There are 2 protein chains.
Amino acid sequence: MAIKWFKKFFKKQEIGIEKVTFIGAGNVAWHLSQALESIGLIVAEVYSRDLGHAQKLCKKLYDAAPVNSLDFSSSEAELFVIAIPDDAIAEVASSLLLPPNTTLVHTSGAMAIDLLVPYATKFGVFYPLQTFSANQKINFKHIPLCLEASDAETLALMERIAKRLSENVAKVSSAQRKVIHLAAVFACNFTNHLLAISEQILKVNGQDLELLKPLVAAMLEKALKNGPAGSQTGPAIRGDQETINEHLTLLKNNAPYSKLYMLITRSIIDFYEDD
Amino acid sequence: MAIKWFKKFFKKQEIGIEKVTFIGAGNVAWHLSQALESIGLIVAEVYSRDLGHAQKLCKKLYDAAPVNSLDFSSSEAELFVIAIPDDAIAEVASSLLLPPNTTLVHTSGAMAIDLLVPYATKFGVFYPLQTFSANQKINFKHIPLCLEASDAETLALMERIAKRLSENVAKVSSAQRKVIHLAAVFACNFTNHLLAISEQILKVNGQDLELLKPLVAAMLEKALKNGPAGSQTGPAIRGDQETINEHLTLLKNNAPYSKLYMLITRSIIDFYEDD
C-alpha cells in the first residue's frame, strides 16, 4: 500500500495532476482515456448521454465512474477532456458544472480554442491527429498531438501529458489546426471515398478491390516517401486523352462519377501546368 | 558447359520458349525484362527509339542487344513484349517486322487485345497491375498479372511465364481490364493527387505533409482491411455542415480546390444516402 501510494504521489508530482474525467465515450475517448491511464493518470468519470456507453468504456478503466449528468461540481478530477462530435461541444460545455481550478480541453481538429473561453479559466485543445475506430489497437507513440492552451501553465501541463504519450508533440494554433484538418480531409476522407468509388466500379463489374491492393499500397508508399507531387502517374498527367475518353465512355451512365473524373483530371492537368 | 546447356534446354522445355525481346525501355520494360530473366528466359533485344535508353537497360541484362530498328525479321526471340506508352502501341506495332510464329503481347491496362490483330497470329496482353518507377526494387510475387490471349496455346504460354513471376495471375478480358484500369485511376492516380493538394494546402500554411503521414497510413490500412465504404469518416459523412462551411471559407481564394471540395463532399453524402 505504501509503495502504491508513493508511486501515485510520484506520478502526480511528475505530471502535475492525478485525475482526469472524459466527457464522451466515443472512439477518441475510448482510446485516449486508456492511453492516459497507461501513463499513470486515473480516469475519475466517463460521461455519456447514454449511460451504457459510459459503462462500456469504464470496464476498460481502473476505477472510473460512468455518469450521464454534467454536474461535476463534486468531482475530484483536475482535467476534463471533451471528446464528442464537433457540433455538440459548445452545447455540452455550456451545461458543464466543473469544480474550481480545473482545466478543460477539447480534442477536436476543427473547433477553435476560443469556444471554451466562457466555461473555464484554464483551457486548451488536445488534438490527436489520427483516425480512431473501436476495434483497433492504437499506439500513440507516433501520433502527432497538436496542443494549444489558454496560458503557459496549462500548455506545460498538456505537454507533460502529451510527451508521455507520443514522440510527436507540436504547439499548433487554432488557425493552423483548421488548415491541418482541411488538409486531412483531402488526404484521408476524400482519398478513402475515392477508394470506395473504385471498389464500387469494380464490384458492378464482378471484380474485387483486392486486385488493386498492391497497386494502392505501392502508390501510397511512393507518395509518402518521395512526395505526392513528384509521384503522380496516370492518363491525366500523361495527357493521354484517348484513355481519358475511354474512361468517360465507361462512366457515361454514371453522371456523378464522370463529373468527378473530369474535375479531378482537370485538377491534375492544371496542377502540373503551373510548374 | 554441358550443365549450362542442359539447364537452358530444361528451362525451355518448362516454359516453352527461351528468348524474348522488349519493345520499349521504360519503367515496365525495365522491371519486367529483368524479372523474366530471373525465371530463366533470355532477353534477346531491347528496342528503344533512343538507343541510349536501350543500352542502359541492356547493361542490366545478361546478353541483350540494344536496337533502335523495328526490323526483327532475323531475331531469335519467340516472344515480343511491347511496353511503351498506350498511344504509341498501334503505330509501333504497325512498323514491326517480326520473325514467323512469334507471339506478340502488350502490357497496357487500357488498350484492347484487338489492337494486335493485324500484326501477329499469336498475341496477347500481359498487364502487371502495378506502378513502376525507375529507382525502386520490384517484387513481382504479389503483383496481379492480368492475362488475355488470342488462343488457348498462347494463353498457356503466358500463364507458364506469369505463374513463375507471381502468385496472383488472372485471366482478364479487355473489357474487364478497362474497368480495372478505370478503378485504378480512382484508387491510385486520383488519391495521389488529393495527397498532392493536401501537401500544397499545408505548405502554403507553413506545415508539412509529414504531420499527416500516420493518419494517411492508418486510413489506408483500415480501408484495405475493412473496405473503404465501411471506413468513411470526416465532416461529409457526419453531415457536419459547420466544419464543411469553415473549410470552404479557408478555400475561398482557391476556386478549383473549393469546387473539388464541394463535389467530393456531395459525392460522399450521396454515396451513403443510397444505403
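Structure first, text after, so check above.
Treat the numbers as computed from the prediction; the structure is a model and nothing was measured.

S.K.: Help me understand the side chain of S108 of chain A in this model?
M.R.: All names here are of chain A. Mapped onto the secondary structure, S108 falls in the loop between β5 (103-106) and β6 (122-128). A distance of 3.0 Å separates the side chain of S108 from the backbone nitrogen of M111, its partner in a polar contact. Every residue in contact with S108, bar those within four places of it in the chain, is listed here: D86, I89, V125, Y127 and R177.

S.K.: What should I look at first to understand the sheet that holds strand β2 (residues 42-47) of chain B in this one?
M.R.: What holds strands together in a sheet is hydrogen bonding between their backbones, with the strands either parallel or antiparallel. Residues and elements named next belong to chain B. The sheet built from eight strands is open, its strands ordered β3-β2-β1-β4-β5-β6-β7-β8 with mixed pairing. In this open sheet, the two edge strands, each paired with only one partner strand, are β3 (65-67) and β8 (169-171). Averaged over all neighbouring strand pairs, the angle between strand axes comes to 25°, with direction disregarded. By the bridge criterion, four bridges tie strand β1 (residues 19-23) to strand β4 (residues 79-82) in an arrangement that is parallel. Pairing of F22 across the sheet is with V81, part of β4. This element, helix α6 (residues 174-204), spans β5 (103-106), β6 (122-128), β7 (145-149) and β8 of the sheet and lies at about 20° to β6.

S.K.: Whenever I open this one, the sheet that holds strand β8 (residues 169-171) of chain A confuses me. Can you help?
M.R.: All names here are of chain A. As summarised here, the arrangement of the eight strands in space is β3-β2-β1-β4-β5-β6-β7-β8, forming an open sheet in which the pairing is mixed. Of all the strands in the sheet, the pair left with one neighbour each is β3 (65-67) and β8. The mean angle between the axes of side-by-side strands here comes to 25°, regardless of whether they run parallel or antiparallel. By the bridge criterion, five bridges tie β6 to strand β7 (residues 145-149) in an arrangement that is antiparallel. Residue pairing in the sheet places F126 in a bridge with L147 of β7.

S.K.: I keep staring at the pattern of salt bridges and nothing clicks. Help me out?
M.R.: A side chain with one charge may pair with a side chain of the opposite charge, provided their charged atoms come close. Residues and elements named next belong to chain A. Using the criterion set out here, one finds 18 salt bridges over all chains in the structure. Across the pair D240 and R238 runs a salt bridge, and its minimum N-O distance is 3.0 Å. Owing to a relative accessible area of 3%, D240 belongs among the buried residues under this scheme. For the salt bridge of R266 with D270, the shortest nitrogen-to-oxygen distance reads 3.2 Å.

S.K.: Hey, could you run me through the interface of chain B and chain A in this one?
M.R.: Much of the literature gives interface size as the accessible area that the parts lose upon coming together. On the side of chain A, 80 residues touch chain B, which itself brings 80 residues to the contact. Of the roughly 8,200 Å² buried between chain B and chain A, counting both surfaces, carbon and sulfur atoms make up 72%. K178 of chain B serves as the salt-bridge partner of E246 of chain A, at 3.3 Å between the closest nitrogen and oxygen. The tally of links from chain B across to chain A stands at 24 residue pairs in polar contact (both at pLDDT 80 or more). The element best represented in the side of chain B that touches chain A is α6 of chain B, accounting for 26 residues. The residue makeup of the side of chain B that touches chain A, split by class, is 46 nonpolar, 23 polar and 11 charged.

S.K.: Just checking my understanding: could you explain helix α2 (residues 27-38) of chain A for this structure?
M.R.: Each α-helix winds once per 3.6 residues, and so residues spaced three or four apart point in a common direction. Residues and elements named next belong to chain A. The terminal C-alpha atoms of α2, which comprises 12 residues, lie 17 Å apart, in line with the 16 Å expected from a rise of 1.5 Å per residue. Among all positions of α2, only A29, W30, H31, L32, S33, A35, L36 and E37 are buried. Next to the buried residues of α2 lie β1 (19-23), β2 (42-47), α3 (51-58), β4 (79-82), β6 and α5 (152-165). At the C-terminal side of α2, G40 shows a positive phi close to 105°.

S.K.: I'm lost on the packing of aromatic side chains in this one. Help?
M.R.: One pair of aromatic rings is described through two measures. These are the centre distance and the angle between the planes. A full pass over the atoms with the stated rule returns 14 aromatic pairs over all chains. Centroid distance F271 of chain A to Y272 of chain A: 4.9 Å. Interplanar angle 55°. Geometry classified as tilted. Pairwise contacts between aromatic rings join F186 and F190 of chain A together with Y257 and Y261 of chain B into one cluster.

S.K.: Can you walk me through the relation of the copies chain B and chain A in this structure?
M.R.: The operation relating the pair of chain copies consists of a rotation about an axis and a translation along that axis. Superposing chain B onto chain A takes a rotation of 180° combined with a translation of 0.0 Å along the rotation axis, leaving an RMSD of 0.1 Å. The transformation relating the two chain copies, once decomposed into turn and shift, fits a two-fold axis. Relative to the rotation axis, the closest C-alpha in chain B is found at T191 of chain B, a distance of 2.5 Å. Most of the interface of chain B is mirrored in chain A, where 100% of its interface residues are also at the interface.

S.K.: Explain the nonpolar core here, please?
M.R.: The nonpolar side chains of soluble globular proteins are, as a tendency, buried together. Residues L212 of chain A together with L212 of chain B are the most contacted members of the largest nonpolar core, which totals 124 residues. Contacts of L212 of chain A, omitting those with residues within four sequence positions, involve S198 and L202 of chain A together with L129, I180, A183, A184 and A187 of chain B.

S.K.: I keep staring at the side chain of R177 of chain B and nothing clicks. Help me out?
M.R.: All names here are of chain B. Along the chain, the position of R177 falls in helix α6. The buried category is assigned to R177, whose relative accessible area is 0%. Polar contacts involving the side chain of R177 include one to the side chain of S174, which spans 2.9 Å. Here R177 is in contact with H106, S108, G109, A110, M111, A112, I113, V125, Y127, E148 and V172, once residues within four sequence places are set aside.

S.K.: So what exactly am I meant to see when it comes to a positive patch on the surface here?
M.R.: On the surface, K56, K59, K60 and K137 of chain A cluster together into a positively charged patch. Note that K60 of chain A resides in the loop between α3 and β3.

S.K.: In this structure, what is going on with empty space enclosed by the protein? I would like to understand it.
M.R.: Sizing a probe to match a water molecule and rolling it over the atoms shows the empty space that remains. Under the criterion given, the structure shown has five cavities of 30 Å³ or more. Of the pockets and cavities examined, the largest cavity occupies roughly 60 Å³. Along the walls of the largest cavity sit L32, L36, L79, V81, V105, F126, M158 and I161 of chain B, which together make up its complete lining. Listing elements by their share of the lining of the largest cavity, those giving two or more residues are α2 (27-38), β4 and α5 (152-165) of chain B. Taken as a whole, the second largest cavity holds about 50 Å³ of empty space. For the second largest cavity, the full set of lining residues is T191, L195, M219 and L220 of chain A together with T191, L195, M219 and L220 of chain B. Listed by contribution, the elements that provide at least two residues to the lining of the second largest cavity are α6 (174-204) and α7 (213-226) of chain A together with α6 and α7 (213-226) of chain B. For the lining of the second largest cavity, the per-class residue count stands at six nonpolar, two polar and no charged.

S.K.: Help me out: how do you make sense of the environment of L250 of chain A in this one?
M.R.: As for its position among the elements, L250 of chain A is in helix α9 (residues 241-250). Taking relative accessible area as the criterion, L250 of chain A reaches 39% and is therefore assigned partly exposed. As a C-alpha pair, L250 of chain A and F80 of chain A span 170 residues in sequence and 53 Å in three-dimensional space. If sequence neighbours within four positions are ignored, L250 of chain A has contacts with K178, V179 and L182 of chain B.

About the cut-offs
Residues numbered from 1 in each chain as written. Chains lettered and ligands numbered in written order. Predicted model: local features only at pLDDT ≥ 70, side-chain atom pairs only at ≥ 80, totals over all residues. Heavy atoms only, no water. Helix = DSSP H or I, 4+ residues; strand = E, 2+ residues; numbered from the N terminus. Polar contact = N/O pair within 3.5 Å; in protein donor to acceptor, adjacent residues only side chain to side chain. Contact = heavy atoms within 4.5 Å. Pairing = 2+ DSSP bridges. Axes fitted to C-alpha atoms, helices over the stretch in contact; angles between N-to-C directions. Salt bridge = Lys/Arg side-chain N within 4 Å of Asp/Glu carboxyl O. Buried < 20%, exposed > 50% of the residue type's maximum accessible area, 1.4 Å probe, protein only. Buried area = accessible area lost by both parts, 1.4 Å probe. Nonpolar A, V, L, I, M, F, W, Y, C, P; charged D, E, K, R; others polar. Expected span 1.5 Å × (residues − 1). Phe/Tyr/Trp six-rings, centres within 6.5 Å; stacked < 30°, edge-to-face > 60°. Least-squares fit on C-alpha atoms with pLDDT ≥ 70 in both. Core = buried A, V, L, I, M, F, W, Y, C linked by side-chain atoms within 4.5 Å. Patch = residues over 30% accessible without salt bridge, like charges linked within 9 Å, V, L, I, M, F, W, Y side chains within 5 Å. Areas by Shrake-Rupley, 256 points an atom, 1.4 Å probe, with all protein chains shown as cover. Lys, Arg positive; Asp, Glu negative; His and termini not counted. Charge placed at Lys NZ, Arg CZ, Asp CG, Glu CD. 1 Å grid on protein atoms, 1.4 Å probe; cavity = no way out; pocket = protein on both sides within 12 Å on 5 of 7 lines; lining within 4 Å. Points joined across faces, edges and corners; volume = space filled by probe spheres on them.

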